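For reference, the chains in residue letters:
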There are 2 protein chains.
Amino acid sequence: MYNPDATRATVDDVAQAAGVSIKTVSRVVNREPNVRAATRERVEAAITSLNYRPNASARNLASARSHIIALIYDDPSAYEAPSSGYVLSLQEGALRACRAANRELLIHPCDYRSRKVSEELQTLFAQTRPDGIVLAAPLSNMPKIVNAVKASGIPCVSLSPGRAKVPANAVVTNDQDICAEMTAYLASLGHQRIAFVQGDAKHKAVSNRFLGYLDGLSASGLARNDHYVVQGDSSIASGERGAEQLLSLPQPPTAIFAANDDMAAGVTRAALRRGVRIPDDLSVAGFDDSPLAQLVFPALTSIRQPSAAMAQRATQLLINPDDIDNGGSNVVPASIVLRESTGPIA
Amino acid sequence: MYNPDATRATVDDVAQAAGVSIKTVSRVVNREPNVRAATRERVEAAITSLNYRPNASARNLASARSHIIALIYDDPSAYEAPSSGYVLSLQEGALRACRAANRELLIHPCDYRSRKVSEELQTLFAQTRPDGIVLAAPLSNMPKIVNAVKASGIPCVSLSPGRAKVPANAVVTNDQDICAEMTAYLASLGHQRIAFVQGDAKHKAVSNRFLGYLDGLSASGLARNDHYVVQGDSSIASGERGAEQLLSLPQPPTAIFAANDDMAAGVTRAALRRGVRIPDDLSVAGFDDSPLAQLVFPALTSIRQPSAAMAQRATQLLINPDDIDNGGSNVVPASIVLRESTGPIA
DNA sequence: TAATGCGATGCTAGCGCTGTCATTCTGCTC
DNA sequence: GAGCAGAATGACAGCGCTAGCATCGCATTA
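Residues numbered from 1 in each chain as written. Chains lettered and ligands numbered in written order. Predicted model: local features only at pLDDT ≥ 70, side-chain atom pairs only at ≥ 80, totals over all residues. Heavy atoms only, no water.

Visitor: Whenever I open this one, the protein's contact with DNA strand D confuses me. Can you help?
Guide: Around DNA strand D, 26 residues are found, and the nearest of them are Val-11 and Tyr-52 of chain A together with Ser-21, Thr-24 and Thr-39 of chain B. In DNA strand D, the atoms that sit within 4 Å of the protein are 65% sugar and phosphate, with bases accounting for the remainder. Measuring from a phosphate oxygen of DNA strand D, one finds a backbone N or O atom of Asn-55 of chain A at 3.3 Å. In the model, a phosphate oxygen of DNA strand D is placed 2.7 Å from a nitrogen or oxygen of the Thr-24 of chain B side chain. Of all the secondary-structure elements, those providing two or more residues to the surface near DNA strand D are helix H2 (22-29) and helix H4 (56-62) of chain A together with helix H2 (22-29) and helix H4 (56-62) of chain B. Looking at the surface near DNA strand D residue by residue, the classes come out as ten nonpolar, nine polar and seven charged. (Near = heavy atom within 4 Å. Polar contact = N/O pair within 3.5 Å; in protein donor to acceptor, adjacent residues only side chain to side chain. Helix = DSSP H or I, 4+ residues; strand = E, 2+ residues; numbered from the N terminus. Nonpolar A, V, L, I, M, F, W, Y, C, P; charged D, E, K, R; others polar.)

Next comes the structure, spelled out in structure tokens:
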């Protein structure tokens, strides 16, 4: 049509050039065994010289596999929340694994609030027939979505499905432990009144963070005080509200740990507005290490979720299930990133 | 394999159920003309009852079209810059158009610094054979990339290609005009010393912003003063450096307009660190209306780039070239978003 | 030398759909 | 009511590849 070069080389051309049958070309391309080294080289030379690239559609049609991995995540544009870094990290990790294995990545932001999600997913699966599905949190905790994926029968790996017992087909992070660590770190700075801003209750993975906070308190010998626990909804605004509430307390906390960076940014804003200095008067910690953690002033101490690494691992698992045993664990550790917003008690 | 339901209905099944030939089913599915209403209904009923979904690979193989649109953008993970909102907006817009027209979107973050970009793109095109390519800025100003895309012969629409004369196959925004407007707005607040922090010089679209700034100055009767123009590189750090320099001037500016939000955030940080109050002592404006514009304190006045709308428009153009005349312009207007960081001179 | 076995290679039938062209059916006109 | 244009429908050949089986050839063994 448009491309003068559009009549690309096919297996037949390569076969002819190499003096073999198309089946042998196919064997070489797909790295199948039982091809003599000399033959293989001849075919490879032909492929190079003809600049042959297999046609994905033909391949998909003839074989059962589509060479496509679908990445399904919560549609960020359906949100107020601007935590876009998460989605991009997922994409980055999944793409890395796909490129390494010569697979295509199909992204599918999915609005779980929509009535027609199941149907929409069904259409997606039927049309593109991905070989595997990476289901990212928080969708991985939503029965409606999980069931729709299960019903398709397509192999699926969940990211942070948020169940107590980690299923085999899941990749998780040590969120609870790392939150305990963060809390203990704040305590080690001398803070005795450490508050927590909870995230959206629907996200199981997020509520683990609260459990970690409690673990950290007790590990540091601090008593739980429910006045220091407020409920947010993961938005910046809810962080601001939470901070207002906490800072109005007769004995306000000297450290606030928020279950995500957006809320921590909200806490920061509320504090700055009140003239509370950070970290002199108040330490603030977040979770996600989202881009904005570095952007707000002062830069946020946070917890880096290994989202990219998790997505990559999940994708690898789908492409090569044998990897399950093969070394790499399905628990990818998070890490604490220290910045300006936390410090010793003044 | 995995799916007991994997043996999905095919055209043959539908044809048999509806008592027509497969060709007629194909006509109905593809909305081709010359099908009697009664027949169409019968086929549609069969499709519904069998839950038939056409197999994309088979369709692609048989027709010349792949039903795939490729979105190519600068790989954000190759960057320091955390302005991820842009990429997600592009995806959002392109996806919206694709879903409406029942197309697949293939995303391709592309590291233009890599030596092998051209080859990489060639492989991408050969394997997936997209029907169209949306090439986002800043890649759309890079000859190496543009040429690789051109060489493929695949129809392409560029986003903000940054040429003086807007080519037909491009979607742009009125960036220069809107920057003039922002500058004039600052002047209207009483500011006489308005500074500008320039972005990465490589991005043609970004340098248009500077031209807009100059336009705005002269429209407001203010003289250009090169002491008030500093060069940044689009990063937060460069915004901080720029602000340091500007605020150290014997007659520091009372307003700083930065060519993107990251730099504006940097300006804000530098100002807060020096104890300069915003907007009482200094007005700050950015460009992009990235998520962080709302997150930093005080929230940034900025310019909202219609990235999603532009990507959507570009995708539509590729899917249905006739739209070119059909109403919708290829200039999608940007808009000013007023927030806390600008105000009248104190 | 002939029989045997197995690695290497080729042949052929589809995968599910669309494009082309042939054929059949309508509804009109005169 | 015959003739005809044009709409409606169908038959069939691929698209480029892979899977399954058939076949070939070489080295080993008796």
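Structure shown, so let's carry the discussion forward.
Visitor: Please explain the environment of Val-43 of chain A as it appears in this structure.
Guide: Residues and elements named next belong to chain A. Counting through the fold element by element, Val-43 comes out in helix H3 (residues 37-50). Exposure remark for Val-43: the relative accessible area of 0% places this residue in the buried category. Apart from residues no more than four positions distant in its own chain, Val-43 is found in contact with Val-14, Ala-18, Val-20, Thr-24, Val-25 and Val-28. (Buried < 20%, exposed > 50% of the residue type's maximum accessible area, 1.4 Å probe, protein only. Contact = heavy atoms within 4.5 Å.)

Visitor: Could you clarify how one ought to interpret the packing of aromatic side chains in this entry?
Guide: Centre-to-centre distance and the angle between the planes together describe a pair of aromatic rings. A full pass over the atoms with the stated rule returns eight aromatic pairs over all chains. When the ring of Phe-196 of chain A is compared with that of Tyr-213 of chain A, the centres are 4.8 Å apart and the planes differ by 25°; the resulting orientation is stacked. Of this pair, Phe-196 of chain A sits in strand S6 (residues 194-198) while Tyr-213 of chain A sits in helix H9 (residues 204-219); the two residues are 17 residues apart in sequence, bridging distant segments of the chain. For Phe-196 of chain A, a relative accessible area of 0% translates into the label buried. An aromatic cluster is defined as three or more aromatic residues linked by ring pairs; in this entry it consists of Phe-196, Phe-210, Tyr-213 and Phe-257 of chain A. Between the NZ or CZ atom of Arg-113 of chain B and the centre of the ring of Tyr-112 of chain B, over which it lies, the distance is 4.2 Å. (Phe/Tyr/Trp six-rings, centres within 6.5 Å; stacked < 30°, edge-to-face > 60°. Lys NZ or Arg CZ within 6 Å of the ring centre and 35° of its normal.)

Visitor: Would you mind showing me how to read the sheet that holds strand S9 (residues 283-285) of chain A here?
Guide: Across a sheet, paired strands are connected by hydrogen bonds in the backbone, their directions being either parallel or antiparallel. Residue and element names in this part refer to chain A. Strand order in the open sheet formed by four strands is S7-S6-S8-S9, and the pairing between neighbours is parallel. Each having just a single partner strand, strand S7 (229-231) and S9 make up the two edges of the open sheet. Taken pair by pair, the neighbouring strands of this sheet meet at an average axis angle of 15°, ignoring direction. Sheet analysis places strand S8 (residues 255-258) next to S9, joined by three bridges and oriented parallel. Bridge pairing in S9 links Ile-256 to Val-284. (Pairing = 2+ DSSP bridges. Axes fitted to C-alpha atoms, helices over the stretch in contact; angles between N-to-C directions.)

Visitor: What exactly am I supposed to notice about the domain arrangement of chain A here?
Guide: Reports often express the size of an interface as the amount of accessible area lost when the parts come together. The domains assigned to chain A are domain 1 (11-54), domain 2 (68-172 + 307-332) and domain 3 (175-306). Measuring from the centre of the C-alpha atoms in domain 1 of chain A to the corresponding centre in domain 2 of chain A gives 35 Å. (Domains from an automatic or database assignment.)

Visitor: Hey, could you run me through the sheet that holds strand S3 (residues 132-135) of chain A in this one?
Guide: All names here are of chain A. Taking strand neighbours across the sheet as the criterion, the six strands line up as S2-S1-S3-S4-S5-S11 in an open arrangement whose pairing is parallel. If you trace the sheet from one side to the other, it starts and ends with strand S2 (104-110) and strand S11 (331-332), each paired once. Inspection of the sheet shows strand S4 (residues 156-159) paired to strand S5 (residues 170-173) by two bridges, in the parallel sense. Of the residues in S5, the one forming a bridge with Ser-158 is Ala-170. Docked against the sheet, helix H13 (residues 307-319) engages strand S1 (68-74), S3, S4, S5 and S11, running at close to 165° with respect to S4.

Visitor: Explain unusual backbone geometry to me, please; I cannot follow it from the model alone.
Guide: Excluding glycine, most residues fall at negative phi; most peptide bonds, likewise, are trans. All names here are of chain A. With an omega of 5°, the peptide bond running from Ala-137 to Pro-138 counts as cis. Unlike most non-glycine residues, Asn-34 shows phi in positive territory, near 65°. Within the secondary structure layout, Asn-34 lies in the loop between H2 and H3. Classification of Asn-34 as exposed rests on a relative accessible area of 75%.

Visitor: Which parts of the structure should I look at to understand the pattern of salt bridges?
Guide: Proximity of charged atoms lets side chains of opposite charge pair with each other. Residues and elements named next belong to chain B. For the coordinates displayed, the defined rule picks out 30 salt bridges over all chains. With a closest N to O distance of 2.9 Å, Arg-277 and Asp-281 form a salt bridge. Classification of Asp-281 as partly exposed rests on a relative accessible area of 34%. A salt bridge links Arg-304 to Asp-289; its shortest N-O distance comes to 3.0 Å. Remark: Asp-289 occurs in the loop between strand S9 (283-285) and helix H12 (291-295) and Arg-304 occurs in strand S10 (residues 302-304); sequence separation between them is 15 residues. The class of Arg-304 is partly exposed, set by a relative accessible area of 40%. A residue is classified by how much of its surface remains accessible, and Asp-289, at 14% relative accessible area, is buried. (Salt bridge = Lys/Arg side-chain N within 4 Å of Asp/Glu carboxyl O.)

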